[in-house]
Amino acid sequence: MSAALDRVTREDWLMFVNACFACTGQREFYSDGHGQSVSIDFLHQYILGNYRRLYARALACGVNDFNASLILANLLETGKATPADHKAEEGALIARALETLPAHRAMHLLERLAKRRVNNRRTRAIIRQFLGSRPNPEHHAVKYRRSFRRAALHAHLRLEGEYATFFLRGANMRAYATPLFEAFRKAHYSASAIYELPFSIAEGLAQKHGVPRDTFLKRIEPNLTHTERLRLQSASHDSLGAAYALEPNKLPLTKLASYIVSRPDRAARRAELHDALWASARRAVRRSNARFGKVACVLDRSYSSSGSTEKRRRPLAVALAASYFLRAASAEYIPFWTHPTGDELLVDARGATDLATPILDALETEPDLLVIVSDGFDNDPPGIAGQVLQAACARLRVPPIVHINAVFDAESYAPKSLCRAVPTMGIRDAEELPTAILFARFARADVHLDEVLASLDARVRHFLRPPTKRAA
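A quick note: this is a predicted structure, and the numbers were derived from the prediction, not measured. (Residues numbered from 1 in each chain as written. Predicted model: local features only at pLDDT ≥ 70, side-chain atom pairs only at ≥ 80, totals over all residues. Heavy atoms only, no water.)

Undergrad: Is there a simple way to think about the environment of Cys419 in this case?
TA: As for its position among the elements, Cys419 is in the loop between β6 (414-415) and β7 (424-426). In this structure Cys419 touches Gly386, Leu389 and Gln390, once residues within four positions along its chain are discounted. (Helix = DSSP H or I, 4+ residues; strand = E, 2+ residues; numbered from the N terminus. Contact = heavy atoms within 4.5 Å.)

Undergrad: How should the packing of helix α6 (residues 103-115) against helix α7 (residues 121-132) be read in this particular structure?
TA: The axes of two packed helices give the description: the angle between them and the distance between them. At a minimum axis separation of 11 Å, α6 and α7 run at an interaxial angle of 150°. Classified by the angle between their axes, α6 and α7 sit roughly antiparallel to one another. The handedness of the crossing between α6 and α7 is left-handed. Each of Ala106, Met107, Leu110 and Leu113 in α6 lies in contact with α7, whose residues at this interface are Thr123, Ile127, Phe130 and Leu131. Looking at the contact of α6 with α7 residue by residue, the class counts come to seven nonpolar, one polar and no charged. (Axes fitted to C-alpha atoms, helices over the stretch in contact; angles between N-to-C directions. Parallel < 35°, antiparallel > 145°, perpendicular 65-115°, else oblique. Left-handed = near helix turned anticlockwise from the far one by under 90°. Nonpolar A, V, L, I, M, F, W, Y, C, P; charged D, E, K, R; others polar.)

Undergrad: Any chance you could explain helix α2 (residues 33-50) here in plain terms?
TA: For the α-helix, the turn length of 3.6 residues means that residues three or four positions removed from each other point alike. Taking 1.5 Å as the rise per residue, α2 with 18 residues should run 26 Å; its terminal C-alpha atoms sit 26 Å apart, in good agreement. Turning to α2, its buried residues number three or more, namely Gly33, Gln36, Ser39, Ile40, Leu43, His44, Ile47 and Leu48. For α2, the arc enclosing every buried residue in end-on projection is 160°, short of the 170-degree limit, so these residues lie on one face. In α2, those exposed residues whose orientation departs by more than 90 degrees from the buried face are His34 and Gly49. (Expected span 1.5 Å × (residues − 1). Buried < 20%, exposed > 50% of the residue type's maximum accessible area, 1.4 Å probe, protein only. Arc of directions from axis to C-beta.)

Undergrad: For this particular structure, what's the right way to read the side chain of Asn74?
TA: Mapping Asn74 onto the fold places it in helix α4 (residues 65-77). Within the structure, the side chain of Asn74 is placed 2.9 Å from the side chain of Tyr55, a separation counted as a polar contact. The contacts of Asn74, once residues within four sequence positions are left out, are His44, Gln45, Leu48 and Tyr55. (Polar contact = N/O pair within 3.5 Å; in protein donor to acceptor, adjacent residues only side chain to side chain.)

Undergrad: Sorry, what's going on with the pattern of salt bridges here?
TA: Pairing is possible between side chains of opposite charge, provided their charged atoms come close. All chains considered together, the criterion is met by 26 salt bridges. Across the pair Arg213 and Glu203 runs a salt bridge whose closest N-O atoms are separated by 3.0 Å. Within this pair, whereas Arg213 is found in helix α13 (residues 213-220), its partner Glu203 is found in helix α12 (residues 199-209), the two being separated by 10 residues in sequence. Given the relative accessible area of 34%, Arg213 is considered partly exposed. In this structure Glu203 comes out as partly exposed when scored by relative accessible area, which is 23%. Salt-bridge contacts for Glu344 lead to Arg327; the nearest nitrogen and oxygen are separated by 2.8 Å. Residue Glu344 is found in the loop between β2 (330-337) and α19 (356-364), and its partner Arg327 is found in helix α18 (residues 314-329); the two are separated by 17 residues along the sequence. With a relative accessible area of 9%, Glu344 lands in the buried category. Shared partners join several salt bridges into a network, and the residues in it are Asp65, Arg314, Arg428, Asp429 and Glu432. (Salt bridge = Lys/Arg side-chain N within 4 Å of Asp/Glu carboxyl O.)

Undergrad: Honestly, the packing of aromatic side chains in this entry has me stumped. Any pointers?
TA: Geometry of an aromatic ring pair is reported as the spacing of the ring centres plus the angle between the planes. The tally for this structure, following the rule as stated, stands at 21 aromatic pairs. Here Tyr46 and Tyr51 contribute two aromatic rings whose centre-to-centre distance is 6.4 Å and whose plane-to-plane angle is 80°, an arrangement assigned as edge-to-face. Tyr46 sits in the partly exposed class, given a relative accessible area of 29%. In textbook terms, an aromatic cluster arises when at least three aromatic residues are bridged by ring pairs, as seen for Phe148, Tyr163, Phe166, Phe167, Tyr176, Phe181 and Phe184. Here the basic side chain of Arg134 rests over the ring of Phe130, its NZ or CZ set 3.8 Å away from the ring centre. If you follow Lys416 out to its NZ or CZ, it ends over the ring of Phe377, 5.0 Å from the centre. (Phe/Tyr/Trp six-rings, centres within 6.5 Å; stacked < 30°, edge-to-face > 60°. Lys NZ or Arg CZ within 6 Å of the ring centre and 35° of its normal.)

Undergrad: Looking at this structure, how should I read the pairing of strand β1 (residues 292-299)?
TA: As a general feature of sheets, a regular strand has side chains that alternate between the two faces. Taking burial as the measure, the eight residues of β1 include six buried ones, the bulk of the element. Both β1 and β2 contribute to a ladder of seven bridges, which runs parallel. The partner of Cys297 across the bridge, within β2, is Pro335. Judged from the five bridges that link them, β1 and strand β3 (residues 369-373) form a sheet pairing that is parallel. Its bridge partner lying in β3, Leu299 is registered against Val373. (Pairing = 2+ DSSP bridges.)

Undergrad: Can you help me understand the sheet that holds β1 in this one?
TA: Where strands meet in a sheet, backbone hydrogen bonds hold them as pairs that are either parallel or antiparallel. Within the open sheet, the five strands sit side by side as β2-β1-β3-β4-β7. Their pairing is parallel. At either end of the open sheet lies a strand with only one pairing partner, and these are β2 and β7. Averaged over all neighbouring strand pairs, the angle between strand axes comes to 25°, with direction disregarded. Sheet topology note: the β3/strand β4 (residues 401-405) ladder contains four bridges and is parallel. When the sheet's bridge partners are listed, Val373 is paired in β4 with Ile404.

Undergrad: What's the story with unusual backbone geometry in this structure? I'm lost.
TA: Excluding glycine, residues mostly carry a negative phi; peptide bonds, for their part, are mostly trans. Omega for the bond connecting Asp380 with Pro381 falls within 30 degrees of zero, at -10°, which places this linkage in the cis form. As for its placement among the helices and strands, Pro381 is situated in the loop between β3 and α20 (384-393). Located in the positive-phi region is Glu366, a residue other than glycine, with phi close to 55°. By the secondary structure assignment, Glu366 is in the loop between α19 and β3. The class for Glu366 is exposed, based on a relative accessible area of 65%. Backbone geometry places Tyr413, a non-glycine residue, at a positive phi of 60°. Relative to the helices and strands, Tyr413 resides in the loop between β5 (408-409) and β6. A residue is classified by how much of its surface remains accessible, and Tyr413, at 30% relative accessible area, is partly exposed.

By themselves, these figures tell us nothing about what the structure is for.
Encoded structure:
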């Protein structure tokens with residue numbers, strides 16, 4: 001393979017992985033959801049058509065759930081194009097990635113395959129394996145009844161016990177022996193029975209029975225998962241006058257940061273929230289084994305970090321979580337917010353984006369690593385941050401600089417960069433910072449493709465290990 005072809009392959013693959021970390025197909029501050037979807041779909045088809053093996057291996061790199069679903073669907077739809085010597089690995093990657101998806105995404109993916117009539121032998125086997133290995137199949141059958149039924153029929157899955165009757169007759173049966181199926185049947189005729197069901201099913205039946213919202217939210221509380229409690233914070237406060245009890249210590253770092261930046265009472269709860277965020281950051285650092293020396297971090301809190309209607313305050317939350325993560329992982333840590341704040345836990349989105357000033361301040365501290373967390377748009381004045389970085393990188397002694405961007409730019413098919421001299425890495429959650437910093441090294445021109453492929457081999461082996469060995 002020529003050096004030029006190596007370089008193109010490396011750049012194409014890194015661009016794709018970068019996009020798969022950041023893009024969710026949803027509206028961003030500077031672009032709409034349609035543009036995001038068109039751009040990411042094109043990128044998927046391009047990489048699938050030209051680098052199928054690398055495309056499948058992206059599943060082992062921690063891409064976000066939205067893109068993992070797209071990769072799985074595209075691989076299963078085009079199974080005939082898989083090279084014979086790669087079929088075993090691709091099948092294993094698909095099966096493992098499907099297991100790691102959240103249940104609702106996995107079930108919707110199976111339903112989508114059925115709708116598109118993707119019915120090759122491998123797809124049927126994957127669906128049968130997934131549905132047959134659920135630890136709580138009755139719960140899945142009730143919560144995702146339509147998706148489960150359609151996927152099972154599509155894969156010619158032999159249904160045992162009361163499943164066939166449940167999918168065929170639903171609530172139109174005299175009685176079921178399976179307790180959850182019986183609760184589903186009774187809930188169609190009695191409002192008092194809806195509280196035995198999962199929240200998402202009970203919510204629709206509560207509307208059918210005309211149960212007042214505040215009554216429903218109060219009685220369904222014991223059934224709620226932690227994620228549902230987090231999602232219903234505002235709704236429960238509006239209906240009950242007080243939000244559901246939530247244990248911040250149980251939330252992952254970036255989800256906790258998203259929760260914090262949305263709270264109007266965070267000043268009053270500062271000590272509690274700071275302790276929870278710090279503990280979550282330390283847990284994330286221990287899991288990743290990340291350790292850095294002296295780190296300076298430029299954090300964008302301009303108005304665009306308020307996000308969009310679909311991803312409200314998401315860039316700001318990622319910046320806050322990244323600050324806590326780097327503080328926990330570094331021997332010495334110095335943050336530089338674009339608008340200085342006395343207490344970063346109370347940070348909010350405001351004003352224009354002046355990245356150049358904090359970058360210069362950060363460089364003066366002579367760090368071992370400079371991290372910039374920004375959406376890539378600097379407008380005070382426009383483009384100056386890129387020029388500052390370009391000039392800094394031309395110096396002989398400059399620390400490694402990484403630009404971390406949680407926002408996908410549909411026009412450039414990647415997170416928007418600040419300048420060519422500094423690698424820009426997409427990110428979903430702050431917990432993925434060590435991976436992003438590692439991949440940033442591969443973005444340098446002097447790194448050979450073989451080194452990237454060797455790292456990818458190791459990730460695939462780790463991803464395909466049984467869960468007990470992976471945890472060890």
